[in-house]
Amino acid sequence: MLAIGDKAPDFTLLNQEGEEVSLSDFRGQKVLLFAYPKAGTSGCTTQACGFRDQFPVFENADAIVLGLSPDEPKALKKWKEAENLPYDLLSDPDHKVLEQWDAWGERSMYGKKYMGVIRSHWVIDENGVIADTQYNVSPQNSIDRGVAFVSNA
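Here the structure is a predicted model, which means the values were calculated and not measured. (Residues numbered from 1 in each chain as written. Predicted model: local features only at pLDDT ≥ 70, side-chain atom pairs only at ≥ 80, totals over all residues. Heavy atoms only, no water.)

Quick look at the overall build of the chain now. What the chain contains, in helices and strands, is five helices and nine strands. Along the chain, helices (α) and strands (β) appear in the sequence β-β-β-α-α-β-α-β-α-β-β-β-β-α when read from the amino end. Here the C-alpha radius of gyration of the chain, 14 Å, is about what a compact globule of 153 residues would show, namely 15 Å. Of the contacts formed within the chain by residues at least 6 apart in sequence, a portion of 61% connects residues at least 24 apart. For the chain, the accessible surface area stands at approximately 7,400 Å², while carbon and sulfur atoms represent 48% of it. (Helix = DSSP H or I, 4+ residues; strand = E, 2+ residues; numbered from the N terminus. Rg over C-alpha atoms; globule rule 2.2 N^0.38 Å. Contact = heavy atoms within 4.5 Å. Areas by Shrake-Rupley, 256 points an atom, 1.4 Å probe, with all protein chains shown as cover.)

So, in structure tokens, the structure goes:
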């Protein structure tokens, strides 16, 4: 698993508009990157809207928020507009970046095992180094911990 102090693996993915976004585009700023299973589901909406509602905290800390899921850009755009999310959502349909960031693995629901997104978030500092990691975190804890970390960093 990625750990605090590790260099954040760079990536380039399409956002909800079909435009390329690279993590390295944000060097010089803090980035909160959160991985979630599926746009429009209840836990993911709680997490995404929590970051939306706390967005002024991120702006005041000169921090960027990015969401990451296997959803296609079209689904991300629809969700972003429906929830009025003020940040980019990134599409990783082949889950290569999710795997690279250790956020893809075995999950279980109603006794059935499957491979999917492990809800997680990371704070990357201005130099591209991981400053905080939260794996297998609940939507509310992700919001609370992410906001607390960015506002105190």
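A cluster of nonpolar side chains, contributed by Met109, Tyr110 and Tyr114, occupies part of the molecular surface with about 400 Å² of accessible area. Within the secondary structure, Met109 sits in strand 6 (residues 104-109). (Patch = residues over 30% accessible without salt bridge, like charges linked within 9 Å, V, L, I, M, F, W, Y side chains within 5 Å. Salt bridge = Lys/Arg side-chain N within 4 Å of Asp/Glu carboxyl O.)

By the secondary structure assignment, Asp132 is in strand 9 (residues 130-135). Nearest to the buried, unbridged Asp132 among oppositely charged side chains is Arg145, at 7.7 Å. In this structure the side chain of Asp132 is engaged in a polar contact, spanning 3.5 Å, whose partner is the side chain of Gln134. Among residues more than four places away in sequence, those in contact with Asp132 are Ile4, His121, Trp122, Val123 and Phe149. (Buried < 20%, exposed > 50% of the residue type's maximum accessible area, 1.4 Å probe, protein only. Lys, Arg positive; Asp, Glu negative; His and termini not counted. Polar contact = N/O pair within 3.5 Å; in protein donor to acceptor, adjacent residues only side chain to side chain.)

To continue, consider the packing of helix 1 (residues 42-53) against helix 5 (residues 139-152). Running from N to C, helix 1 and helix 5 cross one another at 15°; their axes reach a closest spacing of 8 Å. Viewed along their axes, helix 1 and helix 5 adopt a mutual orientation that is roughly parallel. Crossing of helix 1 against helix 5: the hand is right-handed. Where helix 1 abuts helix 5, its residues Gly43, Thr46, Gln47, Gly50 and Phe51 lie against Pro139, Gln140, Ser142 and Ile143. Of the residues contributing to the contact of helix 1 with helix 5, the split by class is three nonpolar, six polar and no charged. (Axes fitted to C-alpha atoms, helices over the stretch in contact; angles between N-to-C directions. Parallel < 35°, antiparallel > 145°, perpendicular 65-115°, else oblique. Left-handed = near helix turned anticlockwise from the far one by under 90°. Nonpolar A, V, L, I, M, F, W, Y, C, P; charged D, E, K, R; others polar.)

By themselves, these are just geometric observations and shouldn't be taken as functional.
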